[in-house]
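Structural features, examined
Okay, here's what each chain looks like letter by letter:
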There are 2 protein chains.
Amino acid sequence: MPRKPKQDRSRATVDAIVEAGFIALSQRGPADTTTRHIAEIAGVGVGSLYEYFENKQAIFSAMSQRFISDTASMIQPLTPTLVQMPIDEAIRTLLNEFRSFLERDDGRYLKCVRHAMAVDFELHLDPLYKVLNNVIMRYLMEHPETLRVSRIPAITYIGINGGIFAVIRHLSDPDPMVSFDEMADGLASMIGHYIERELSLVEDASG
Amino acid sequence: MPRKPKQDRSRATVDAIVEAGFIALSQRGPADTTTRHIAEIAGVGVGSLYEYFENKQAIFSAMSQRFISDTASMIQPLTPTLVQMPIDEAIRTLLNEFRSFLERDDGRYLKCVRHAMAVDFELHLDPLYKVLNNVIMRYLMEHPETLRVSRIPAITYIGINGGIFAVIRHLSDPDPMVSFDEMADGLASMIGHYIERELSLVEDASG
DNA sequence: ATAATTTTCCGAATTGAATCCGAACAAGCG
DNA sequence: CGCTTGTTCGGATTCAATTCGGAAAATTAT
């Protein structure tokens, strides 16, 4: 059973292993990523992998958690800017930031996400949900009139999941029928129009 | 290298293997589904697996194709009914049919889809896209006024991908924030509102 | 400083699942 | 029937994941 690292040296080892996991996965794909590869890239012995990880799967799981955590950290500081924008622009911005983020480091994350489904679909999305829910919450506070639209929880759920998967799927799609910008624009317009339509319905009802 | 089955006997074997794959995967999960399990359930020797499948992965791939194909076949005959409905009702119907389909056979497909990604289903979605695109195309023909809304390709792309993944994700979500019906209603309303809003914009511009 | 203790690292040895292979069994065919 | 081709099988082989026991490094106690 794996131990928790107590010293700096071992924390560095754990880091190196996770990092090596990303490199190996992006270079060789999921099928050819062996424990020996990861160990070699990390510059440690194979045995060391099992000091801190239950098994190979656990390494992928740690990678997934790190990825989601990094994504959340990337979005967090954007919050104040996003909540000041019109909603469709906010969505476009968010999707474009997410895309740039995935393409960093020579597309390492993107390549990994392409195989992510293959390796650990259990993407530990919770921290990402938390940040995005927070953005939405603040947005509603900042634009109180939007509180009148119905089905906010459902639209939020669909927006978050739809957004995440639409981007991942689009970037993995070898021959997408629409460009990324068109897709981002479509998603933004869809939610934007939904809200506009809802508000006009509310107005009609009250007026 | 795998052969194509020439006789009925071998075609039955291939079928039995794919079928056994579904059973094994739904019973034991992806980690414990070994080639011996699949062979045993199929009632064939392990060696037989490799007569028609390159490797274990190829069996999962065949399962994926079969699943998508079955899904498409399920949707196909609904087309005439769907195109006569208001769009939001059509979407709700489609999502509910998809859900029932996933829950058939004691949820076999659903259990598999839950693990699908974990096992490297690169879901071969093409046939499903084809059927759904067809439904949408016919819908547009049947309701010519909707041809005036903009971003139809993007909305189609998002609608299809978003719909598929929203359902799968929701059914896999141990603690969804909204009920299935709320989600279906949300997706239906979002697209319905989008079209209404677009049409009202077009009307304003021309009037 | 030195010993004792804990933490970390390692890689040869083990294990077990995936895959191969060649003999045996069936089917089609003159 | 022989002959060819298609099919099945399961033991033997291969190779990656995991284990294990001890060496090396760091930390703590004396």
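Just so it is clear, the model here is predicted, and its values are computed rather than measured.

**A look at the UniProt feature "DNA-binding region" (unreviewed entry) in chain A**
- According to UniProt, the "DNA-binding region" (unreviewed entry) feature falls on residues 34–53 of chain A.
- What you have in residues 34–53 of chain A is 75% helix and 0% strand, and the ends, taken at the C-alpha atoms, are 14 Å apart.

**Things to note about the protein's contact with DNA strand C**
- Taken together, 24 residues sit near DNA strand C, with K6, Q7, S10 and T13 of chain A together with K56 of chain B positioned nearest.
- Within the backbone of K6 of chain A, one N or O atom sits 2.6 Å away from a phosphate oxygen of DNA strand C.
- One nitrogen or oxygen atom from the side chain of S10 of chain A is found 2.3 Å from a phosphate oxygen belonging to DNA strand C.
- At the level of secondary structure, the elements contributing two or more residues to the surface near DNA strand C comprise α1 (8–28) and α3 (46–52) of chain A together with α2 (35–42) and α3 (46–52) of chain B.
- Element by element, the count of residues in the surface near DNA strand C is highest for α3 of chain A, at five residues.
- Class assignment for the residues of the surface near DNA strand C results in five nonpolar, 11 polar and eight charged.

**Here we look at the pattern of salt bridges**
- Inspection of the entire model under this criterion finds 22 salt bridges over all chains.
- With a shortest N-O distance of 2.6 Å, E196 of chain B and R197 of chain A are connected by a salt bridge. Of this pair, E196 of chain B sits in helix α9 (residues 180–206) while R197 of chain A sits in helix α9 (residues 180–206), placing the two residues on different chains.
- Overall, E196 of chain B belongs to the partly exposed group, its relative accessible area being 36%.

**Observations regarding the packing of helix α4 (residues 56–75) of chain B against helix α7 (residues 126–142) of chain B**
Residues and elements named next belong to chain B.
- Axis separation between α4 and α7 bottoms out at 8 Å; the angle between their running directions is 15°. Judged by the inter-axis angle, α4 sits roughly parallel to α7. In this structure, α4 meets α7 at a crossing whose hand is left-handed. In this structure, α4 uses I68, T71, A72 and I75 to contact α7, whose residues at the interface are P127, L128, V131, L132 and V135.

**Considering the relation of the copies chain B and chain A**
- For the match of chain B to chain A, the screw axis carries a shift of 0.1 Å, the RMSD comes to 0.2 Å, and the turn is 179°. The transformation just described matches what one would write down for a two-fold rotation axis.
- Same-surface contact between copies: 97% of interface residues of chain B are shared with the interface of chain A.

**Focus: the domain arrangement of chain A**
All names here are of chain A.
- Once the domains are mapped, chain A shows domain 1 (1–54) and domain 2 (60–206).
- Computed from C-alpha atoms alone, the centre-to-centre distance between domain 1 and domain 2 is 31 Å.
- The interface is formed by 12 residues belonging to domain 1 together with 12 residues belonging to domain 2.
- A combined buried area of about 1,100 Å² lies between domain 1 and domain 2, and 76% of that area is made up of carbon and sulfur atoms.

**What to know about unusual backbone geometry**
- Residue D106 of chain A is not a glycine yet carries a positive backbone phi of 60°.
- Relative to the assigned elements, D106 of chain A resides in helix α6 (residues 87–119).
- Residue D106 of chain A is classed as exposed on the basis of its relative accessible area, which comes to 67%.
- The backbone of R151 of chain B shows a phi angle near 60°, a positive value even though the residue is not glycine.
- Within the secondary structure layout, R151 of chain B lies in the loop between α7 and α8 (152–172).
- With a relative accessible area of 28%, R151 of chain B lands in the partly exposed category.

**Overview of the packing of aromatic side chains**
Residues and elements named next belong to chain A.
- All chains considered together, the criterion is met by nine aromatic pairs over all chains.
- Taking 4.9 Å as the distance between ring centres and 70° as the angle between the ring planes, the aromatic pair formed by F67 and Y109 counts as edge-to-face. With F67 in helix α4 (residues 56–75) and Y109 in helix α6, the pair connects residues that are 42 residues apart, well separated along the chain.
- Classification of F67 by relative accessible area gives buried; the value is 7%.
- Taken together, the ring pairs in this structure connect F22, F67, F101 and Y109 into an aromatic cluster.
- Of note, R99 hangs over the ring of F180, and the distance from its end group to the ring centre comes to 4.3 Å.

**With respect to the UniProt feature "domain: HTH tetR-type" (unreviewed entry) in chain A**
- Per the UniProt entry, the sites bearing "domain: HTH tetR-type" (unreviewed entry) are residues 11–71 of chain A in this numbering.
- The span residues 11–71 of chain A is 80% helical and 0% strand by assignment, and the distance between its end C-alpha atoms comes to 22 Å.

**Comments concerning α4 of chain A**
- In this model, α4 of chain A (20 residues) spans 29 Å end to end at C-alpha, consistent with the 28 Å of a helix rising 1.5 Å per residue.
- One side-chain oxygen at the N-terminal end of α4 of chain A lies 3.2 Å from the backbone nitrogen of Q57 of chain A; it belongs to N55 of chain A.

**So, the environment of V167 of chain B**
Residue and element names in this part refer to chain B.
- For V167, the position within the fold is in helix α8.
- You can call V167 buried: its relative accessible area is 0%.
- When near neighbours in sequence (up to four residues on either side) are disregarded, V167 contacts L95, F98, L102, F180 and M183.

**As for the interface of chain B and chain A**
- With 35 residues of chain B at the contact, the number on the chain A side is 35 residues.
- Around 3,400 Å² of area is buried between chain B and chain A when both sides are counted, 73% of it from carbon and sulfur atoms.
- On the surface where chain B and chain A come into contact, there are four salt bridges.
- If you look at where chain B meets chain A, you find 14 residue pairs in polar contact (both at pLDDT 80 or more).
- Counting only elements with at least two residues in the side of chain B that touches chain A, the list comes to α7, α8 and α9 of chain B.
- Top element by residues in the side of chain B that touches chain A is α9 of chain B. It accounts for 14 residues.
- A breakdown of the residues in the side of chain B that touches chain A according to their chemical character gives 20 nonpolar, six polar and nine charged.

Thresholds applied
In this convention, every chain numbers its residues from 1, walking through the sequence in written order. Chains carry letters from A onward and ligands carry numbers from 1 onward, assigned in written order. Where local features are concerned, this predicted model is filtered to residues with pLDDT of at least 70; where side-chain atom pairs are given and counted, the filter is 80 or more; whole-chain, interface and lining totals use all residues. Side-chain measures here rest on the full set of heavy atoms in the structure, leaving out hydrogens and waters. UniProt positions are given in the numbering used here, feature names are shortened, and annotations may be inferred rather than shown by experiment. Counting from the N terminus, the helices are the DSSP runs of H or I reaching at least four residues and the strands are the DSSP runs of E reaching at least two. Nearness is defined per residue: one heavy atom within 4 Å of the molecule or strand is enough. Contacts described as polar in this section are N or O atom pairs within 3.5 Å, which, within protein, must combine one atom able to donate a hydrogen with one able to accept it, while residues neighboring in sequence count only if both atoms come from side chains. The nonpolar class holds Ala, Val, Leu, Ile, Met, Phe, Trp, Tyr, Cys and Pro. Asp, Glu, Lys and Arg form the charged class, and all remaining residues, Gly among them, are polar. The term salt bridge refers to a pairing of a side-chain nitrogen on Lys or Arg with a carboxyl oxygen on Asp or Glu at a separation within 4 Å. Exposed residues in this analysis have more than 50% of their type's maximum accessible area, buried residues have under 20%, and partly exposed residues fall in between, with area computed by a 1.4 Å probe over protein chains only. Axis geometry follows a simple rule: fit a line to the C-alpha atoms, using only the stretch in contact for helices, then measure angles between N-to-C directions, giving values from 0 to 180 degrees. An angle below 35 degrees is treated as roughly parallel, one above 145 as roughly antiparallel, one from 65 to 115 as roughly perpendicular, and anything else as oblique. The hand of a helix crossing depends on one turn: near helix anticlockwise from the far one by less than a right angle means left-handed, and clockwise means right-handed. Contact definition: two residues touch when any of their heavy atoms are within 4.5 Å. In superposing the copies, a least-squares fit is computed on C-alpha atoms, taking residues whose pLDDT is at least 70 in both. All the domain ranges listed were derived from an automatic or database domain assignment. Defined in terms of a 1.4 Å probe, buried area is the accessible area two parts forfeit on being brought together, summed over both. Any two of the Phe, Tyr and Trp rings considered here, Trp counted by its six-membered ring, make a pair once their centres fall within 6.5 Å; the pair's planes then place it as stacked at under 30 degrees, edge-to-face at over 60, or tilted in between. Criterion for a charge above a ring: Arg CZ or Lys NZ at most 6 Å from the ring centre, at most 35 degrees from the ring normal. Given the number of residues in a helix, its expected span is that number minus one, multiplied by 1.5 Å.

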